[in-house]
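Summary of the model geometry
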Amino acid sequence: MKISQTINTLRDVITQWKKEGQCIGLVPTMGNLHAGHIELVNQAKAQCDKVVVSIFVNPLQFNEARDFNAYPKTRDADQQKLIAAKADLLFLPDSEIMYPQGQQLSTIISVPKISEELEGEHRPGHFDGVATVVNKLFNLVQPQRAFFGEKDFQQLLLIRKMVQDLNMPIDIESVATCREADGLAMSSRNSRLTVEQRRIAPELYSVLQKLARQLEYNEKSIQQLESEAMQTLKQQGFEPEYVSVRASSDLQAVTQQTLDKVVLAAARLGDVRLIDNLSSHKL
Ligand code: PAF
């Protein structure tokens, strides 16, 4: 596996691959790789000739400095996992490379509406940071395909919208959430849970499953189901931020016409913020 820490060395490889007519797949990550990331790499390997994985803990998308500082950095282990998964190139830029003039002076990409809902409401500026860094990675790697996990459902929709609005010739491929045996969605943040928090954490997914099943019965209003789910999470020891049923296509409020729905939730266990979602057609 090639490793590139600069834009010039990355561009040299990409230019050569493009000349050879190779189809390039990109898996953008922030490192601390787990089986969910490796599944993204596997999907990219299956669909592309060359797979680039980027690892960059993007300061622009963290609205809390302590969350940024606590983000686990496991470069050596990540590298070994990517070699085993047969990634072709690891792009490892640092902040000076990605934001040479500092974050304040950078051009920002903002995807309206979808950025303001749910995660956007609770993490101001987060999605501008995501859209900006993903845009830069797309410009640098120029992939034909890019792979994102469904665990970050709102991020996935936001990136699809950005690609559509800006006419980027990139297919956005979504990959199903990888879960632990007890249902907990895999996340780099899980490693920061205490033993007791780890025991409680799968309840987030159980609550989503219960809510999604109840939606089908149509016996209670959506607001009632959401507030009961919040209550259950509180009783289990979470500090829930939201549990919300939305239209899968654009995350707007559900109407009589909405066919596909998704239930999304964010909740804290101590210092660790967990998110998860479940699409109603997946029940
Ligand atoms: O999902 C992530 O890990 C990040 O938001 C991404 C897409 C790599 C952008 O920094």
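In case you missed it, the structure is sitting above this.
This section reports on the structure supplied with the text.

Scoring rules and cut-offs
Residues numbered from 1 in each chain as written. Predicted model: local features only at pLDDT ≥ 70, side-chain atom pairs only at ≥ 80, totals over all residues. Heavy atoms only, no water. Pairing = 2+ DSSP bridges. Helix = DSSP H or I, 4+ residues; strand = E, 2+ residues; numbered from the N terminus. Axes fitted to C-alpha atoms, helices over the stretch in contact; angles between N-to-C directions. Contact = heavy atoms within 4.5 Å. Parallel < 35°, antiparallel > 145°, perpendicular 65-115°, else oblique. Nonpolar A, V, L, I, M, F, W, Y, C, P; charged D, E, K, R; others polar.

Let's talk about the sheet that holds strand β3 (residues 50–55)
- Read from one edge to the other, the open sheet built from six strands follows the order β1-β4-β3-β2-β5-β6, with strand pairing classed as parallel. Of all strands in the sheet, those bounded by a partner on one side alone are β1 (2–4) and β6 (171–175). On average, adjacent strands in this sheet sit at an angle of 25° to one another, irrespective of strand direction.
- As paired elements, strand β5 (residues 145–149) and β6 share five bridges and run parallel to each other. Residue pairing in the sheet places Phe148 in a bridge with Ser174 of β6.
- Here helix α4 (residues 75–84) sits on the sheet in contact with β1, β3 and β4 (89–91), set at roughly 170° to β3.

Things to note about the packing of helix α1 (residues 7–19) against helix α7 (residues 126–141)
- Interaxial distance between α1 and α7 falls to 9 Å at its minimum, and their mutual angle equals 50°. With respect to each other, α1 and α7 are oriented oblique. Facing α1, whose interface residues are Ile7, Leu10, Arg11 and Ile14, α7 presents Asn139, Leu140 and Val141.
- A class-by-class count of the residues in the contact of α1 with α7 yields five nonpolar, one polar and one charged.

By themselves, these are just geometric observations and shouldn't be taken as functional.
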